[in-house]
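# Analysis of the macromolecular model
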Amino acid sequence: MEKPILQLEALSKFYTSTQNVVVGLNRVSISFSRGEFVAITGESGSGKSTLAHILGGMLGYESGEMYFGGRPTSHFDARDWERYRRDNISFISQSYGILLSATVLENVVSALRLAGMDKGQARQEAKAILQKVELWELRRRRAAKLSSGQKQRLSIARALAKPA
């Protein structure tokens, strides 16, 4: 059996204020293999978003361990997490995560450029991605002027532009 690409062992996350501590996750253990499709379900407040943000490297954890490719992440510093997110994570959020003041094309090109692609190659790849999500005809439109569905497709296009 293939080794998991991502694995949590007894991972916990707590949110603290001056008056109390709220448990975000309590000793969660789960693993994910390459190519596997996983759905995380649960009631509101059960920790789904907390789990997604930890897996995406956008939120830290207090105890337990998260392994990526067999490597523990508990020692990661800010630069390691930045590299992890840049090179391995594509996140499509309900709030889109797009550059509203940029055009549709600029949104995808910028994601490709951040991944290290040169400008000419990034424009060609952006065209192919935008055609896949049926937004090429809107490439010159500002993202702020898109419908909700178009914004969501642009968010997907940005995720596809990453090497994750």
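Figured I'd write up the structure that's included with this text. Owing to the predicted nature of the structure, the values given are computational and were not obtained by experimental measurement.

## Observations regarding helix α3 (residues 104–114)
Within the span of α3, buried status applies to V104, L105, N107, V108, V109, A111 and L112. Looking at the packing, one finds that the buried side of α3 touches α4 (119–132) and α5 (148–160). Phi turns positive one or two residues past the end of α3, at G116, with a value near 100°.

## Notes on the nonpolar core
Soluble, globular proteins show a tendency: their nonpolar side chains are buried together. Among the nonpolar cores identified, the biggest contains 21 residues, and V108, L112, L130, L135, L154 and A157 are the most heavily contacted of them. At the level of secondary structure, the elements contributing two or more residues to this core comprise α3, α4 and α5. Top element by residues in this core is α3. It accounts for six residues. With residues up to four places along the chain from it excluded, the contact list for L135 reads V104, L130, Q150, R153 and L154. In terms of nonpolar packing, the next biggest core, distinct from the first, is built from 14 residues, L11, L25, F76 and W81 among them.

## Some details on the packing of aromatic side chains
Counted by the stated rule, this structure contains three aromatic pairs. Between F76 and W81, the aromatic rings sit 4.9 Å apart at their centres with planes inclined by 65°, giving edge-to-face as the arrangement. Relative to Y84, the ring of W81 lies with its centre 5.4 Å away and its plane at 85°, an arrangement referred to as edge-to-face. In this pair, W81 and Y84 both sit in helix α2 (residues 78–88), three residues apart, roughly one turn of the helix. Residue classification places W81 among the buried positions, given a relative accessible area of 14%. Among the residues examined, Y84 registers a relative accessible area of 3% and is labelled buried. Aromatic ring contacts, followed pair by pair, group F68, F76, W81 and Y84 into a single cluster. Sitting over the ring of Y15, K13 keeps its end group 5.2 Å from the ring centre.

## Description of the side chain of Q150
Here Q150 is to be found in helix α5. The class of Q150 is buried, set by a relative accessible area of 17%. At 2.8 Å, the side chain of Q150 and the backbone nitrogen of S147 are in polar contact. Dropping the residues within four chain positions of it, Q150 is found in contact with L135, L138 and R141.

## So, α2
Turning to α2, its buried residues number three or more, namely D80, W81 and Y84. For α2, the angular spread of the buried residues around the axis is 100°, confining them to a single face. Pointing more than 90 degrees away from the buried face of α2 are the exposed residues A78, R79 and E82. Buried-residue contacts for α2 involve β1 (6–16), α1 (48–55) and β3 (63–68). The distance from a side-chain oxygen at the start of α2 to the backbone nitrogen of R79 is 3.1 Å, and the residue carrying that oxygen is D77.

## Things to note about a nonpolar patch on the surface
The grouping of I92, I156 and L160 at the surface amounts to a nonpolar patch, some 240 Å² of accessible area in total. Take L160: it is sitting in helix α5. When its relative accessible area of 46% is taken as the criterion, L160 is described as partly exposed.

The rules behind the values
- Counting restarts for each chain: residues are numbered from 1 in the order of the written sequence.
- Residue-level local features of this predicted model are given only where pLDDT is at least 70; pairs of side-chain atoms are given and counted only at 80 or more, and the full residue set underlies all totals for whole chains, interfaces and linings.
- Each side-chain value is worked out from all heavy atoms of the structure, with water and hydrogens disregarded.
- The buried label applies to any residue whose accessible area, calculated with a 1.4 Å probe on protein chains only, is under 20% of its type's maximum; exposed applies above 50%, and partly exposed to all values in between.
- Secondary structure elements follow DSSP: runs of H or I no shorter than four residues count as helices, runs of E no shorter than two count as strands, and numbering proceeds from the N terminus.
- Residue contacts follow a heavy-atom distance rule, with two residues in contact if any of their heavy atoms lie within 4.5 Å.
- What makes a nonpolar core is a set of buried Ala, Val, Leu, Ile, Met, Phe, Trp, Tyr and Cys residues whose side-chain atoms join them at distances within 4.5 Å.
- Each Phe, Tyr or Trp ring, with Trp reduced to its six-membered ring, pairs with another whose centre is within 6.5 Å; inter-plane angles below 30 degrees give stacked pairs, above 60 give edge-to-face pairs, and intermediate values give tilted ones.
- Think of it as a cone above the ring: NZ of Lys or CZ of Arg counts as a charge over the ring if it is within 6 Å of the ring centre and within 35 degrees of the ring normal.
- As used in this structure description, the phrase polar contact means that two N or O atoms lie within 3.5 Å; if the pair is within protein, one of them must be able to donate a hydrogen and the other to accept it, and residues adjacent in sequence are counted only when both atoms belong to side chains.
- In this context, the arc is that of the directions from the helix axis out to the C-beta atoms.
- Residues enter a patch when their relative accessible area is above 30% and they make no salt bridge; the linking distance is 9 Å between like charges and 5 Å between nonpolar side chains (Val, Leu, Ile, Met, Phe, Trp, Tyr).
- For the accessible areas, the method is Shrake-Rupley and the probe is 1.4 Å, while residue cover comes only from the protein chains on display.
- The rule for a salt bridge is simple: a side-chain nitrogen of Lys or Arg has to be within 4 Å of a carboxyl oxygen of Asp or Glu.

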